[in-house]
Amino acid sequence: MRRLSLLLALVPVVGLVELALHQYFAARAPRQADYAALAPALAKLKRPGVPVVVAPAWAEPLLRQAAPDAFPLVELARPDDSGFTRFLEVSLLGAVAPELEGFATTQTEQLGAFRISLRENPRPDPTRFDFVGAVERGEVEVLTELDGERLPCQRVERPRAETGGLHGHVAYPRSRYECGRGRFVGVTLIDDAAYRPRRCVLAQPPTAGSVVLRFGAVPATPRLVGFMGSSYFIARDDVKPELALTISEAADPLLRRTAAGAEGWIRFEARRPAEPGAVEVKLRRLTTDTADFCFSLEAR
Amino acid sequence: MRAHADAWITGGLFVGYLALLVATAGSLGFMRDEGFYFGAARAYEAWFSLFAQSPAEALSRSVLDRYWAVNHEHPALIKSLFALSHHFLSGAFAEASTSFRLPGMLLSSLAVAVTYDWGRRALGRAAGLVAALSFAFMPRVFFHAHLACFDLPVCAMWLVTSYVYARSLEAPRWSLALGVGVAYGLLLDTKHNSWIFPFALLLHFALTRGAPLLGDFKTGAKWWRRLPLAWAAMLLVAPLVFCALWPWLWHDTAARVREYVAFHTGHDYYNMEFLGRTYWRPPMPRAYAWSLTLATVPLVTLLLAAIGAVHAWAPSRGRSDYVLWAVSILASYAPWLSSSTPIFGGTKHWMTAYPFLCLFAGLGFTQVLVALRRSWQTVASPVLAGACVVIGPVVMALHAHPFGLSAYTPLVGGAPGAATLGLNRTFWGYTTQSLAPFIDSTAPRRGVVYVHDTALQSFAMFQEDGRLRADLRPSLDIAASDVALYHHEPHMSRVEQQIWVDYGSVAPDAIATFDGVPIAWGYRRKSQ
């Protein structure tokens with residue numbers, strides 16, 4: 001009874017301890033000035049092809065603001081992590097990036113409130129050719145195919161992108177291949193099942209027939225690794241396959257994959273022939289109200 | 001003399017809390033829902049004006065329907081108060097929005113005062129004060145208490161109705177019973193949480209008077225005499241009050257009540273992040289309500305409430321008030337025992353439980369005082385002990401302002417800890433206010449601002465109050481904008497991604513942070 005009395009008598013102390021902890025947690029995280037102070041050092045450490053990963057992830061916008069050059073879109077919205085050999089992890093509050101679990105730390109530097117570590121991918125699968133980049137550079141032929149007949153889509157530069165906002169379509173880029181009837185092919189971003197950005201080629205096939213992307217100068221590699229999906233927020237309730245993607249090389253079929261919005265950002269892989277040839281990616285609707293699908297593809 | 005002092009304390013709590021809310025309202029941006037209610041209140045205000053000039057015209061069905069169809073998915077009482085307050089008091093404040101918000105602030109202050117009064121009657125003055133201040137300065141309560149919304153009003157009306165009901169049980173008089181009927185009618189006309197209230201009373205009755213009633217029933221005695229008089233008033237008077245104060249129901253009453261019920265029983269599932277996962281369809285996590293309570297209510301308040309509840313549990317202490325407090329808490333949380341109940345509004349859904357939780361905290365505080373006197377008689381001071389248990393909540397609530405929805409307690413590591421755990425950082429788009437200096441200094445003359453989650457009516461109120469430049473044009477089209485705002489929730493990331501593509505930059509130009517955690521940010525278009 002006396003012990004219980006003592007415990008109860010300590011409750012006011014709990015109130016004071018909670019207040020002290022509140023003050024501690026409120027002041028614990030770095031402020032915007034700390035990120036700004038980190039930026040020059042980060043710029044020196046950052047190398048092309050070594051994505052910056054922030055832990056915890058919620059701090060990333062603050063670092064993007066302070067050091068925008070450390071976040072090229074091609075790295076920030078990468079299709080996955082496996083294609084990169086190293087990552088530069090910026091950690092605060094003792095956090096570690098869960099996606100880099102198992103990646104060895106080869107260098108570490110403490111800079112104020114931040115710890116910057118170079119993390120090595122134990123099983124890197126480097127990209128030799130990025131098909132999304134090729135579309136962006138115009139190194140692709142885009143065609144519509146209807147009843148065996150192919151018609152070219154025209155590359156155009158519009159004054160501005162088109163955006164759908166929260167409940168509308170993803171951003172339709174300024175630079176795009178227009179294929180008639182308002183349909184186009186262009187590079188944009190979609191959100192995956194974790195709502196992370198993924199850079200990809202948005203291809204809108206015609207109602208009947210297909211849209212075809214033909215890449216003529218793909219270096220020889222053993223495999224093609226790709227991803228496809230729709231904006232998860234928009235299409236996450238769609239469980240029926242809506243789109244079929246087929247890949248062929250030198251006229252030999254390599255892969256056929258269907259996708260439904262609810263599947264998120266789907267990974268696929270295909271072995272390539274020994275002799276490289278033109279790679280064709282063909283997309284066809286399986287439903288009349290197919291959402292906007294997007295794919296990324298890399299030769300690895 | 002003592003009663004005089006208590007009246008002063010009750011009044012002081014009411015006036016003091018109201019003054020604090022009014023004084024701090026100017027720094028709190030406008031919620032998405034507030035925008036819709038401003039619009040509804042303006043429509044109702046116009047109807048009231050028409051009614052004053054031409055009653056016959058105002059009462060015609062077509063006119064009634066035209067004005068009262070606006071936002072008819074929610075009852076009209078609180079929005080009518082917003083309308084009347086704006087009509088009569090808009091010139092009394094520096095900002096028009098304060099007049100819309102005043103009824104909510106008054107009802108929130110009333111809840112604080114009633115919590116004190118009930119706590120004082122049941123437990124004593126010190127416990128009443130601890131209960132009232134613990135409630136007033138729960139960070140989320142302090143946040144919602146500012147708003148032209150229904151969440152604190154329904155909390156206040158539930159508390160007031162319960163209080164009058166408890167008094168009617170102590171002194172079964174028709175006047176008090178009638179008071180319960182009227183109060184419940186007002187509660188029904190405030191928000192649909194009111195539908196659960198009768199179940200709380202039934203449970204209370206079963207636990208406190210069920211056994212004797214059963215005995216009467218078995219022996220053939222007049223068992224119905226044990227039924228509270230207030231129930232009759234709730235059945236007969238409350239529906240009349242409900243309909244009388246909601247002109248939308250004056251025609252097609254049954255169909256429109258059915259539509260109202262159907263709207264809320266079949267409500268859409270909006271998105272809500274919980275422990276790193278976004279929930280947008282059932283099953284919703286059953287642990288959500290309890291976990292969020294733990295993460296947002298100061299631990300010292302919860303601890304005191306737990307002590308109070310344990311103390312009240314003792315069979316010899318089965319006081320009717322304690323049981324009523326307990327069933328009000330259980331009833332308020334009960335919908336979230338089902339995994340199909342939406343969770344999109346976070347803690348606001350079950351705030352009706354919080355005054356009762358704090359009354360138990362007051363009861364717990366009485367036990368702490370007893371223990372203090374036993375252990376350290378010489379230093380045991382109710383004032384000092386009371387200060388120790390309310391200072392934390394007061395500091396936390398004031399510190400959280402105006403980022404109340406981002407506020408988390410030390411139990412989860414504050415705002416940074418909650419962000420790391422994947423708890424919702426913000427919703428309702430109100431943090432636009434924190435980006436106002438960026439918007440005003442950056443947007444070109446007559447520039448277009450993509451408002452993201454801020455309702456267009458809320459943006460208009462920012463402008464009407466002079467919190468944002470009047471020449472700016474709000475838009476829901478990123479591509480048409482010169483400045484784009486982004487209020488972070490994971491499922492809304494696609495909005496920021498569209499800004500990246502359209503603006504050609506991933507670097508925000510301004511970020512509003514709370515305790516170092518980014519809450520909302522803005523981009524400026526640098527090229528055409």
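Structure's up top.
Keep in mind that this is a model prediction, so the values were computed, not measured.

Calculation criteria
- Residues numbered from 1 in each chain as written.
- Chains lettered and ligands numbered in written order.
- Predicted model: local features only at pLDDT ≥ 70, side-chain atom pairs only at ≥ 80, totals over all residues.
- Heavy atoms only, no water.
- Core = buried A, V, L, I, M, F, W, Y, C linked by side-chain atoms within 4.5 Å.
- Buried < 20%, exposed > 50% of the residue type's maximum accessible area, 1.4 Å probe, protein only.
- Helix = DSSP H or I, 4+ residues; strand = E, 2+ residues; numbered from the N terminus.
- Contact = heavy atoms within 4.5 Å.
- 1 Å grid on protein atoms, 1.4 Å probe; cavity = no way out; pocket = protein on both sides within 12 Å on 5 of 7 lines; lining within 4 Å.
- Points joined across faces, edges and corners; volume = space filled by probe spheres on them.
- Nonpolar A, V, L, I, M, F, W, Y, C, P; charged D, E, K, R; others polar.
- Pairing = 2+ DSSP bridges.
- Axes fitted to C-alpha atoms, helices over the stretch in contact; angles between N-to-C directions.
- Salt bridge = Lys/Arg side-chain N within 4 Å of Asp/Glu carboxyl O.

## Examining the nonpolar core
Logical step 1: By size, the foremost hydrophobic cluster in this structure holds 210 residues, and its most contacted members are Leu63(A), Trp118(B), Phe135(B), Trp325(B), Tyr354(B) and Trp428(B).
Logical step 2: It is helix α17 (residues 354-375) of chain B that contributes the most residues to this core, 13 residues altogether.
Logical step 3: Sequence-distant contacts of Trp118(B), that is, excluding residues within four places in its chain, are made with Leu159(B), Ser162(B), Tyr163(B), Ala166(B), Arg167(B), Asp321(B), Leu324(B), Trp325(B), Phe356(B) and Leu359(B).
Logical step 4: Counting 37 residues, the second-largest nonpolar core is a separate cluster that includes Phe131(A), Val201(A), Leu245(A) and Ala259(A).

## Notes on the layout of surface pockets
Logical step 1: Of the volumes computed, that of the second largest pocket is approximately 1100 Å³.
Logical step 2: If you trace the second largest pocket, you find 45 residues lining it, with Ala57(A), Trp58(A), Ala194(A), Arg196(A) and Pro490(B) closest to the centre.
Logical step 3: For the lining of the second largest pocket, the secondary-structure elements that each account for two or more residues are β1 (52-55) and α4 (60-66) of chain A together with β2 (277-279), α19 (414-421) and α22 (493-503) of chain B.
Logical step 4: Residues belonging to the lining of the second largest pocket are distributed by class as follows: 28 nonpolar, 7 polar and 10 charged.

## Focus: the sheet that holds strand β6 (residues 510-514) of chain B
Residues and elements named next belong to chain B.
Logical step 1: Pairing is mixed across the open sheet formed by 5 strands, whose spatial order is β4-β3-β5-β7-β6. The sheet is open, and its two edges are formed by β4 (473-475) and β6, each paired on a single side. This sheet shows a mean twist of 20° between the axes of neighbouring strands, independent of strand direction.
Logical step 2: Sheet topology places strand β5 (residues 483-487) next to strand β7 (residues 517-524); 5 bridges connect them, and they run antiparallel. Bridge pairing in β7 links Tyr-486 to Trp-521.

## Things to note about unusual backbone geometry
Logical step 1: Looking along the chain, the bond that leaves Ala55(A) and enters Pro56(A) is cis, with omega of -5°.
Logical step 2: Positionally, Pro56(A) belongs in the loop between β1 and α4.
Logical step 3: Following Pro282(B), the chain continues into Pro283(B) via a peptide bond in cis, with omega recorded as 0°.
Logical step 4: Located in the positive-phi region is Leu275(B), a residue other than glycine, with phi close to 50°.
Logical step 5: Checked against the element boundaries, Leu275(B) lands in the loop between β1 (272-274) and β2.
Logical step 6: Phi at Trp428(B) takes a positive value of approximately 80°, unusual for a residue other than glycine.

## Things to note about the pattern of salt bridges
Residues and elements named next belong to chain B.
Logical step 1: The final tally for this structure, using the stated rule, is 50 salt bridges over all chains.
Logical step 2: As a salt-bridge pair, Asp-117 and Arg-120 come within 2.9 Å of each other at their nearest N and O atoms. Here the residue Asp-117 and the residue Arg-120 both occupy positions in helix α6 (residues 96-123), the gap between them amounting to 3 residues, near one helical turn.
Logical step 3: Classification of Asp-117 as buried rests on a relative accessible area of 18%.
Logical step 4: For Arg-120, a relative accessible area of 21% translates into the label partly exposed.
Logical step 5: Of the charged contacts, one joins Arg-167 and Glu-170 as a salt bridge, the two residues approaching to 2.4 Å between their closest N and O atoms. Taken together, the positions of Arg-167 and Glu-170, both in helix α9 (residues 151-170) and 3 residues apart, correspond to about one turn of that helix.
Logical step 6: Since its relative accessible area comes to 11%, Arg-167 is described here as buried.
Logical step 7: Since its relative accessible area comes to 51%, Glu-170 is described here as exposed.

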